Amino acid sequence: MNLPRNISTLFSSAVVKMALVVSLCLFLNFPVNYYTASAQDTSCGLVWDSVVKLMPDSLPISGRLPSIAAQGDTLHICWTNVSLPYTYLFPYMRSCDGGATFSPIIDLLDSLGIGFKPSNYRLISNKKMVCVLFNLGGFGSPVYMLRSYDRGTSWSGPTPIVVTDSITQMQGAAIFGDTILVSVSDYSHIEYFYVLSTDGGNSWSTPPTSNIEDKENSMAISPHYIHRMFGQGGVPPFLSTEILLSRSTNLGISWFDTIVVSQPDGYASIAPVISSRAVENGVAHIYTTWHDKQYGCGGLGCSIVFRKSRDEGQTWDDEIRLTEELNTTNSLGKVTHYGERVGAAWESLVSFLNDYPTLRYSLDNGENWFPLCYPAGKTDTINCGMSGIALSPNAVHMVWPQWTENTGNGILRILYRRGRFPTTVTETTTQLPSQIELVQNYPNPFNPKTVIGYSLFDVGNIKLKVFDITGREVATLVNEKKEPGKYSVEWNAEKFPSGMYFYRLELTDNKQKKYIATKKMLLIK
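None of these values were measured; they are calculated from a predicted model.

**Notes on the overall build of the protein**
In terms of regular secondary structure, the protein is built from two helices and 36 strands. Long-range pairs, those at least 24 residues apart, make up 53% of the contacts in the protein between residues at least 6 apart in sequence. Carbon and sulfur atoms form 51% of the exposed surface of the protein, whose accessible area is close to 22100 Å².

Shown next, in the form of structure tokens:
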């Protein structure tokens, strides 16, 4: 097991510490002022800020394969360069205020004097740490890790975690607490394996049964299992490729429960991506997306399908098709979450040279999904590439590369856009129980009509109003004096776009004392 000469010299010590002191967010962040659009919009239920260039025009280089990870309101963004000169070998930026401002670009590898750029990488995070795992120096190089315990202020590494004479390429990575899992392809022996750390990356091991047969592996870690999801063709009694799930309770020493996750319908299901979320009862929810030919491929790509398990993969809810009839993709779907908010992203194809980043999200654990979002716009001259997605407490965050010229020439810039969840109006109840009661609308979600019920236990002036996610009043349903009793009113939202709305009931009694209750409702067209 020999490292390349210049790499082995560099990593002769056990761990090389790098003093990459990133500017403190409080003092040295700069405002994101490289706007490529000026108007704020509220399409697909989010309040979208303007598109931001993370790479200023003064840099004569192209970036690709951007990735983004969130630690609460701290965002981490990496990408790689594709053109000489390599002004930055491994560019990195972060935001400590949920995407309002960003630190200047730094190079995660420049201070080491390596001279190589990553050929493949994964950016992962949890509340405790953020890690970057990557191949260095080209196809088939060892796998290394950089990590930060202070949200990107300083980094340690890179530390080699997979060193072999074989031609290897990292496939994926997952993190849960101090456990980190990395899957690797060994092209010399045509096999796939993974390495594991249970102490936050200080030491690594290869479990005895870590060799796995299938290339399309996506892994996740939950409180009770390691989950391995993969596509396998000709699974008896099925003839087509299906998505399978295997689980391990002993860190991969043995695997059991090969569960067929995709519907065995005779159509190929490929390229699965998996994510897990621990919930209060200690049983994780599992989310996955994959390509599925069942719904058609449109000549350029296939549909993206979502499925969820509430019991760590034992049983699964029904499949949900996230793409629309003419909305196809040939890229890997991405799925992520923050609490009960779930986001999925992919690239929609216009032609073989033109695509644009696409997003759908759910606020209720994947039960209902908002319409398609297009952070870069929806035209046939976008010329984008693979995008990244992250969710924070208050927003969806997207990054993607885009050509400076619509012909697919020029320079690839890394762009960022934030879509904020509604914050102006919140669900509240300030009334005494003996005065008013506001009932949840039915049906909810709805399209386009819904009924709102309420009860009055005192005479008074009543106002029942509807607000959009920005807090703007869009409808007044009731504005009159009423006697005690039960009431209901229908709201027809036919002229309004899909999204989250709030309805507020206000009672002013004869003593001019106000009682207010607010609830939210979801319009999906």
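**A word on the side chain of Thr289**
Within the element layout of this structure, Thr289 appears in strand S21 (residues 285-292). Setting aside anything within four residues of it in sequence, one finds Thr289 in contact with Ala271, Pro272, Val273, Ile304, Val305, Phe306, Leu322, Gly333, Lys334, Val335 and Ala344.

**A few points about the packing of aromatic side chains**
All chains considered together, the criterion is met by 17 aromatic pairs. Between the aromatic rings of Phe306 and Trp369, the centroid separation amounts to 4.8 Å while the plane-to-plane angle is 65°, which identifies the pairing as edge-to-face. Residue Phe306 is found in strand S22 (residues 303-309), and its partner Trp369 is found in the loop between strand S26 (355-362) and strand S27 (388-391); the two are separated by 63 residues along the sequence. Judged on exposure class, the residue Phe306 and its partner Trp369 are both buried. Ring pairs connect the aromatic residues Phe90, Tyr121, Phe134 and Tyr144, which therefore count as one cluster.

**Re the pattern of salt bridges**
Evaluated as defined, the whole model comprises 11 salt bridges. Here Asp317 and Lys308 are joined by a salt bridge, their closest N and O atoms 3.6 Å apart. Residue Asp317 is classed as partly exposed on the basis of its relative accessible area of 24%. Judged by relative accessible area, which is 2%, Lys308 ranks as buried. Residue Lys334 pairs with Glu347 through a salt bridge whose shortest N-O separation is 3.2 Å. You can see Lys334 sitting in strand S24 (residues 334-338) and its partner Glu347 sitting in strand S25 (residues 341-349), a full 13 residues away along the chain. Among the ionic contacts, a cluster of salt bridges with common partners joins Lys308, Arg310, Asp317 and Glu367.

**A look at the sheet that holds strand S4 (residues 63-71)**
In sheet architecture, strand pairing relies on hydrogen bonds along the backbone and comes in two forms, parallel and antiparallel. Taken together, four strands build an open sheet; the order of strands is S4-S5-S6-S8 and the sheet is antiparallel. Here the strands that pair on one side only, and so sit at the sheet edges, are S4 and strand S8 (106-107). The pairing of strand S5 (residues 74-81) with strand S6 (residues 91-95) spans four bridges and is classified as antiparallel. Looking at S6, one finds that His76 is bridged to Arg94.

**As for the sheet that holds strand S9 (residues 118-125)**
Taken in spatial order, the four strands line up as S9-S10-S11-S12 in an open sheet, and their pairing is antiparallel. Single-partner strands in this sheet number two, and they are S9 and strand S12 (156-162). The sheet shows a mean angle of 25° between the axes of neighbouring strands, taken without regard to direction.

**Quick word on the pairing of strand S15 (residues 191-197)**
If a strand is regular, its side chains alternate between the two faces of the sheet. For S15, the tally of buried residues reaches six of seven residues, placing the bulk of the element in the interior. Sheet topology places strand S14 (residues 179-186) next to S15; seven bridges connect them, and they run antiparallel. Note on S15: the bridge partner recorded for Ser183 is Tyr194.

**Quick look at the confidence of the model for the protein**
A residue-level look at the protein finds 74% of positions with pLDDT of 70 or above and a mean pLDDT of 78. Looking across the protein, the model is least confident in helix H1 (residues 5-10), with a mean pLDDT of 32, and most confident in S27, with 94. Contacts for the low-pLDDT stretch residues 1-24, under 50 throughout, to residues beyond four places or in other chains number 57 contacts. Counting contacts from residues 424-433, a segment whose pLDDT is below 50, to residues more than four positions away or on other chains yields 28 contacts.

**Section: the environment of Asp311**
Within the secondary structure, Asp311 sits in the loop between S22 and strand S23 (320-321). Taking the C-alpha atoms as reference points, Asp311 and Val283, 28 residues apart in sequence, are found 6.0 Å from one another. Those residues within four positions of Asp311 in sequence are excluded, and the remaining contacts are Arg247, Val283 and Ala284. One polar contact links Asp311 to Ser309, side chain to side chain, over a distance of 2.9 Å. There is a polar contact of 3.1 Å between the side chain of Asp311 and the backbone nitrogen of Gln314.

The rules we used
- Residues numbered from 1 in each chain as written.
- Predicted model: local features only at pLDDT ≥ 70, side-chain atom pairs only at ≥ 80, totals over all residues.
- Heavy atoms only, no water.
- Helix = DSSP H or I, 4+ residues; strand = E, 2+ residues; numbered from the N terminus.
- Contact = heavy atoms within 4.5 Å.
- Areas by Shrake-Rupley, 256 points an atom, 1.4 Å probe, with all protein chains shown as cover.
- Phe/Tyr/Trp six-rings, centres within 6.5 Å; stacked < 30°, edge-to-face > 60°.
- Buried < 20%, exposed > 50% of the residue type's maximum accessible area, 1.4 Å probe, protein only.
- Salt bridge = Lys/Arg side-chain N within 4 Å of Asp/Glu carboxyl O.
- Pairing = 2+ DSSP bridges.
- Axes fitted to C-alpha atoms, helices over the stretch in contact; angles between N-to-C directions.
- pLDDT = per-residue confidence, 0-100.
- Polar contact = N/O pair within 3.5 Å; in protein donor to acceptor, adjacent residues only side chain to side chain.

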